[in-house]
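# Tertiary structure, described
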Amino acid sequence: MSDLPVHAIRTLSDQHPKPSHIHFQYGTAGFRTKGDTLDSVMFRVGILAGLRSKKWDGKTIGVMVTASHNPEPDNGVKLVDPRGEMLETSWEAHATALANAQSTDEFIAALDTFTTTMKIDLSKPAKVVYARDTRPSGPALVAALEDGIKAIGAEERDAGVTTTPVLHYLVRAINTKGTKEEYGDDSEEGYLRKLSTAFNKLVAGKPSIPPLVVDCANGVGAKLAKELAEYLGDTLQLIPVNTSTTTPGALNNACGADFVKTQQTLPPSLTSVLKPGQRACSLDGDADRLMYYYLDDRGQFHMLDGDKIAALSAAFIGELTKSAGLDSQIKVGIVQTAYANGGSTKYLSERLPVKCVPTGVKHLHHAAEKFDVGVYFEANGHGTVIFSPQSLEIISAYQPSTPAQSTALNHLINLTEVINQTVGDALSDMLMVEAVLAHKSYSGEEWDSLYVDLPNRLVKVVVADRNIFKTEDAERRLVSPPGIQAKIDELVRRYEGGRAFVRPSGTEDVVRVYAEATVRTQADELAYRVAGLVYDETGGHPAHRPLEFL
Ligand code: 16G
Ligand code: MG
């Protein structure tokens with residue numbers, strides 16, 4: 001076993017001192033806070049990525065620098081494991097501990113203990129691939145990350161400015177190169193080619209698809225959407241809007257998937273672009289979330305969120321496995337969170353197995369792996385479909401006995417290629433949705449009518465300490481602070497079709513309240529009442545009593 005390169009780490013670590021007053025936390029989506037405080041975190045993440053790679057015997061580890069749908073001054077970083085998945089949960093605490101060592105000496109001591117207890121063989125090679133979104137703080141943070149990668153002696157590959165899902169794709173493609181599980185060419189072009197080729201095959205022979213407006217949130221999705229448009233050619237005309245990636249303050253501002261989901265309205269910039277009957281979609285700042293919507297004939301806005309995407313795609317995959325004659329061998333299941341609209345849960349659970357898990361992609365992804373085909377979507381538009389290795393083998397070995405079975409089988413194979421199975425991917429999900437709509441000859445309205453959404457409301461409460469909030473039953477019930485859940489139950493009972501839950505956010509210093517009811521005004525009132533209750537019972541911040549939305 002060789003030793004840590006202490007000299008290199010010390011010299012470079014001194015150039016990236018930790019701000020003494022800040023406590024960093026590796027949360028649901030990695031480290032995320034103000035970009036100008038993250039220099040030391042980036043350096044240390046570079047080292048950690050190298051160590052993770054050594055632990056995996058030199059497999060490539062990914063690092064993505066982004067703060068997704070957060071405003072521009074924020075930034076963040078997350079690690080991607082060798083199969084393109086999110087960092088194994090047990091390492092989150094190690095990441096947090098290393099990021100909070102106060103000095104270079106403390107950091108080196110912590111690294112020493114860490115490598116010894118984790119039995120990391122430092123003589124192993126290490127490889128790290130990284131990318132960033134379009135935030136102005138990105139280049140300096142990447143420079144700090146590179147110092148970390150250099151300090152631990154890892155080999156680096158800069159994937160430049162690209163989306164989170166592309167980085168996940170690259171990690172899997174690099175690590176499967178030359179194996180029978182080869183995922184695709186390990187380049188952005190390889191990704192675009194893979195998705196567009198599969199899409200073009202899927203919709204070949206279908207009636208032409210109307211052009212699609214794509215709101216790129218003024219983020220990195222704009223770059224990829226424009227490139228994808230080239231690859232798609234006439235098959236699907238994309239109209240990218242909100243593509244101002246260099247305009248200060250534009251990122252995620254009054255546009256993007258998160259805006260659409262939380263405001264339940266059209267981005268103002270689209271009012272003059274979108275025509276009645278036309279559908280559009282919004283990506284978030286790093287293009288891993290997708291929201292669809294359309295204006296009906298009266299110009300009224302209708303949202304097609306992650307739940308609607310799950311319903312549409314699960315039904316289609318179910319039909320394909322049936323037509324291919326594979327339905328007895330390949331079962332489709334759905335994974336949702338408590339945020340899934342009650343309307344969707346009712347609709348889906350009448351048809352398929354549905355599992356509810358806590359918020360955060362890693363929980364959904366792991367639960368989806370237990371199904372032959374796991375369709376997982378958060379209502380906020382983050383999700384994908386994953387095919388188990390066994391299902392993929394069954395599909396590739398299957399001999400169809402009729403032409404109809406053969407056609408369905410080919411569609412299924414192309415679908416596995418159009419879907420980015422490593423992580424939720426707005427552009428890949430968009431192609432999946434467009435393919436299903438083309439197959440079913442659905443307009444936005446027909447898709448929307450699969451089931452009716454219950455009116456719902458999401459409210460934030462700023463409390464003194466969100467860490468006192470503990471939940472159970474996939475976040476649907478509060479166990480701490482004691483006594484509040486009984487009061488919530490009491491309130492919920494008074495509203496027809498009422499449902500509400502409270503959970504601490506994993507990305508912001510707030511507590512979130514979700515409520516739904518049969519009638520819009522009741523959903524709003526229930527959310528307000530529960531938020532007020534949480535505030536009053538737990539000493540919320542006086543300036544933030546939740547009144548504003550009524
Ligand atoms: C992060 C999660 C997302 C989740 C959201 C919840 C990943 C990659 N992203 O963005 O899945 O919906 O956090 O945020 O896991 P909250 O805890 O602040 O409500
Ligand atoms: Mg995102």
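Residues numbered from 1 in each chain as written. Chains lettered and ligands numbered in written order. Predicted model: local features only at pLDDT ≥ 70, side-chain atom pairs only at ≥ 80, totals over all residues. Heavy atoms only, no water.

## Quick notes on the coordination of the magnesium ion (ligand 2)
All of the protein donors around the magnesium ion (ligand 2) are Ser68 (OG), Asp284 (OD), Asp286 (OD) and Asp288 (OD); their distances to the metal are 2.0 to 2.2 Å. Going along the chain, you hit the donors of the magnesium ion (ligand 2) in the pattern S-x215-D-x1-D-x1-D. Pair noted here: serine 68 is in the loop between β2 (60–65) and β3 (74–80) and aspartate 284 is in the loop between β8 (279–283) and β9 (290–295), with a separation of 216 residues, a long-range link. (Donors = N, O, S within 2.8 Å, 3.2 Å for Na, K, Ca; no water. Helix = DSSP H or I, 4+ residues; strand = E, 2+ residues; numbered from the N terminus.)

## Remarks on the sheet that holds strand β12 (residues 354–356)
Spatial ordering of the open sheet is given by β12-β11-β13-β14, a layout of 4 strands whose pairing is mixed. In this open sheet, the two edge strands, each paired with only one partner strand, are β12 and β14 (383–387). Between one strand axis and the next, the sheet turns by 20 degrees as a mean value, whatever way the strands run. As defined by bridge partners, strand β11 (residues 332–336) adjoins β12 across 3 bridges and the pair is classed as parallel. Looking at the pairing, isoleucine 334 lines up with valine 354 of β12. In the packing of helix α11 (residues 342–349) onto the sheet, contacts are made with β11 and β12, and the angle to β11 comes to roughly 160 degrees. (Pairing = 2+ DSSP bridges. Axes fitted to C-alpha atoms, helices over the stretch in contact; angles between N-to-C directions. Contact = heavy atoms within 4.5 Å.)

## As for the UniProt feature "domain: Phosphoacetylglucosamine mutase AMG1" (unreviewed entry) in the protein chain
Using the residue numbers shown here, the UniProt feature "domain: Phosphoacetylglucosamine mutase AMG1" (unreviewed entry) corresponds to residues 191–290 and 305–442. When the span residues 191–290 is considered, its composition is 33% helix and 14% strand, and the gap between its end C-alpha atoms is 18 Å. With 54% helix and 13% strand, residues 305–442 has end C-alpha atoms that lie 16 Å from one another. (UniProt positions renumbered as here; feature names shortened; annotations may be inferred.)

## Notes on the site of ligand 1
Lining the immediate environment of ligand 1, one finds 15 residues, of which Glu378, Ser505, Gly506, Thr507 and Arg512 sit closest. Asparagine 380 is positioned with one of its side-chain polar atoms (N or O) 2.8 Å from an oxygen atom of ligand 1. Glycine 506 is positioned with one of its backbone polar atoms (N or O) 2.6 Å from an oxygen atom of ligand 1. For ligand 1, whose free accessible area comes to 450 Å², the fraction covered by protein is 94%. When grouped by side-chain class, the residues that make up the shell around ligand 1 number 3 nonpolar, 8 polar and 4 charged. (Near = heavy atom within 4 Å. Polar contact = N/O pair within 3.5 Å; in protein donor to acceptor, adjacent residues only side chain to side chain. Areas by Shrake-Rupley, 256 points an atom, 1.4 Å probe, with all protein chains shown as cover. Nonpolar A, V, L, I, M, F, W, Y, C, P; charged D, E, K, R; others polar.)

## Describing the packing of helix α17 (residues 484–492) against helix α18 (residues 520–538)
Where α17 contacts α18, the axes come no closer than 10 Å and their chain directions differ by 155 degrees. If you check the angle between α17 and α18, you find them roughly antiparallel. The interaxial crossing formed by α17 with α18 has right-handed handedness. Taking contact as the criterion, the partners of Ile484, Lys487, Ile488, Leu491 and Val492 in α17 are, on α18, Leu526, Arg529, Val530, Leu533, Glu537 and Thr538. Taken together, the residues that form the contact of α17 with α18 break down as 7 nonpolar, 1 polar and 3 charged. (Parallel < 35°, antiparallel > 145°, perpendicular 65-115°, else oblique. Left-handed = near helix turned anticlockwise from the far one by under 90°.)

## Section: α18
Because each turn of an α-helix spans 3.6 residues, side chains separated by three or four positions in sequence point in the same direction. Between its first and last C-alpha, α18 extends 27 Å over 19 residues, near the 27 Å set by a 1.5 Å rise per residue. Along α18, the residues classified as buried are Ala523, Asp524, Leu526, Ala527, Val530, Ala531, Gly532, Leu533, Val534, Tyr535 and Thr538. Contact partners of the buried residues in α18: β15 (456–461), α17, β18 (499–504) and β19 (511–516). Backbone geometry just downstream of α18 places glycine 539 in the positive-phi region, at approximately 65 degrees. (Expected span 1.5 Å × (residues − 1). Buried < 20%, exposed > 50% of the residue type's maximum accessible area, 1.4 Å probe, protein only.)

## Regarding the domain arrangement of the protein chain
By domain assignment, the protein chain separates into domain 1 (6–161), domain 2 (189–304), domain 3 (306–448) and domain 4 (456–549). In this structure, domain 2 and domain 4 have C-alpha centres spaced 32 Å apart. (Domains from an automatic or database assignment.)

## Some words on the packing of helix α14 (residues 403–418) against helix α15 (residues 426–440)
Where α14 contacts α15, the axes come no closer than 9 Å and their chain directions differ by 155 degrees. Judged on the interaxial angle alone, α15 and α14 are roughly antiparallel. Touching His411, Leu415 and Val418 of α14 are Ser428, Leu431, Met432 and His439, all from α15.

## A few points about the pairing of β9
Of all 6 residues in β9, 6 are buried; the element is thus mostly enclosed. Taking every second residue as pointing to the same face, both faces of β9 are buried, with Leu290, Tyr292 and Tyr294 on one and Met291, Tyr293 and Leu295 on the other. Alignment of β8 against β9, held across 5 bridges, turns out to be antiparallel. Residue pairing across strands places leucine 283 opposite leucine 290, the latter belonging to β9. Between β8 and the antiparallel strand that follows it, β9, lie 6 residues; alanine 287 among them carries a positive phi value of about 65 degrees. Strand direction decides the pairing type here: β9 and strand β10 (residues 301–304), joined by 4 bridges, are antiparallel. Across the sheet, leucine 295 pairs through a bridge with phenylalanine 301, a residue of β10. Counted along the chain from β9 to the antiparallel partner β10, the turn is 5 residues long, and its residue glycine 299 has a positive phi close to 80 degrees.

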